[in-house]
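Each chain is listed here by its residues.
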Amino acid sequence: RTIADACDKRRMKETARRLVPDEGRLRIPRTIWAGTDPDRAPVDAGEPWIMKPNHSSGEVLHSDEADASELERCRDWLVSKPGRQLGEWGYQVARPLLLMEELIPSEDGRSPDDYKFFVFDGVPRLVQVNRGRFSADASVVFYDPEGGVLPLRSARTPAPRADAEELPTSWSAMVALAAELAANWDFMRVDLYSVGGQVWFGEYSPYPGGGVTRYQPSSWDRRIGDWWRISPA
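This one's a predicted model, so the numbers in the text were calculated from it and none came from an experiment.

Scoring rules and cut-offs
- Residues numbered from 1 in each chain as written.
- Predicted model: local features only at pLDDT ≥ 70, side-chain atom pairs only at ≥ 80, totals over all residues.
- Heavy atoms only, no water.
- Pairing = 2+ DSSP bridges.
- Helix = DSSP H or I, 4+ residues; strand = E, 2+ residues; numbered from the N terminus.
- Axes fitted to C-alpha atoms, helices over the stretch in contact; angles between N-to-C directions.
- Contact = heavy atoms within 4.5 Å.
- Salt bridge = Lys/Arg side-chain N within 4 Å of Asp/Glu carboxyl O.
- Buried < 20%, exposed > 50% of the residue type's maximum accessible area, 1.4 Å probe, protein only.

Read from one edge of the open sheet, five strands run E7-E6-E5-E9-E10, paired in antiparallel fashion. A single partner strand is all that each edge strand has here, and the edge strands are strand E7 (139-143) and strand E10 (198-205). Taken pair by pair, the neighbouring strands of this sheet meet at an average axis angle of 25 degrees, ignoring direction. Bridge count for strand E6 (residues 123-131) against E7 is five bridges, and the pairing is antiparallel. Residue pairing in the sheet places Arg 131 in a bridge with Ser 139 of E7. Contacts from helix H5 (residues 171-181) reach strand E5 (114-120), E6, E7, strand E9 (187-195) and E10 within the one sheet, and its direction differs from that of E9 by about 145 degrees.

Right under this line is the structure:
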């Protein structure tokens, strides 16, 4: 496996299913459609869905926003050149596709909490939890694998909410799954969700923050870097 493989979202869904085939342990969002012509996408699929580019990050279209102009915007994703500005070459060689998936459900009508596991040599070391994404009270909190809140924040993320310490009952299961999914990588971020006790797969992220995120306090830049041990070629 290469970084380019990890940047191909459809391929990584297949990898995750091969590594953890038990849907009771890990639910992988079903692919409704994949292609290069948004006019052919079954937008009236009769269920909530999201559309995203297979070969880049940061773009998403929800089914309740799918008018003609928004679908045309999806076409633009295919001709963009992802990864050039920050040297993320893996996105430049991943397959340019549009990927329509079933929407991961939410228990409260908002986007489900996003659990981003930073895994080094198969060992989860750090967990970034995004809550209330796309809302006015969004927050980001960092935890250790045991569930302890860390005195850490990203320079680009909002401060934690007062209830940020609450963790799902599936926490330990997610830590174990992240280790399995990122085994054999010197570093990989694994994004998972937990809804009603069911763990869902999000994606692999080899370039968190484009590799340029600054942390506060700055001593964490060194600490995180020390976890990453790259063998000489």
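All chains considered together, the criterion is met by 19 salt bridges. A salt bridge links Arg 75 to Asp 39; the shortest N-O distance between them is 3.2 Å. With Arg 75 in helix H3 (residues 68-79) and Asp 39 in the loop between strand E1 (31-35) and strand E2 (49-53), this residue pair connects regions lying 36 residues apart in the sequence. A residue is classified by how much of its surface remains accessible, and Arg 75, at 26% relative accessible area, is partly exposed. Judged by its relative accessible area of 61%, Asp 39 is exposed.

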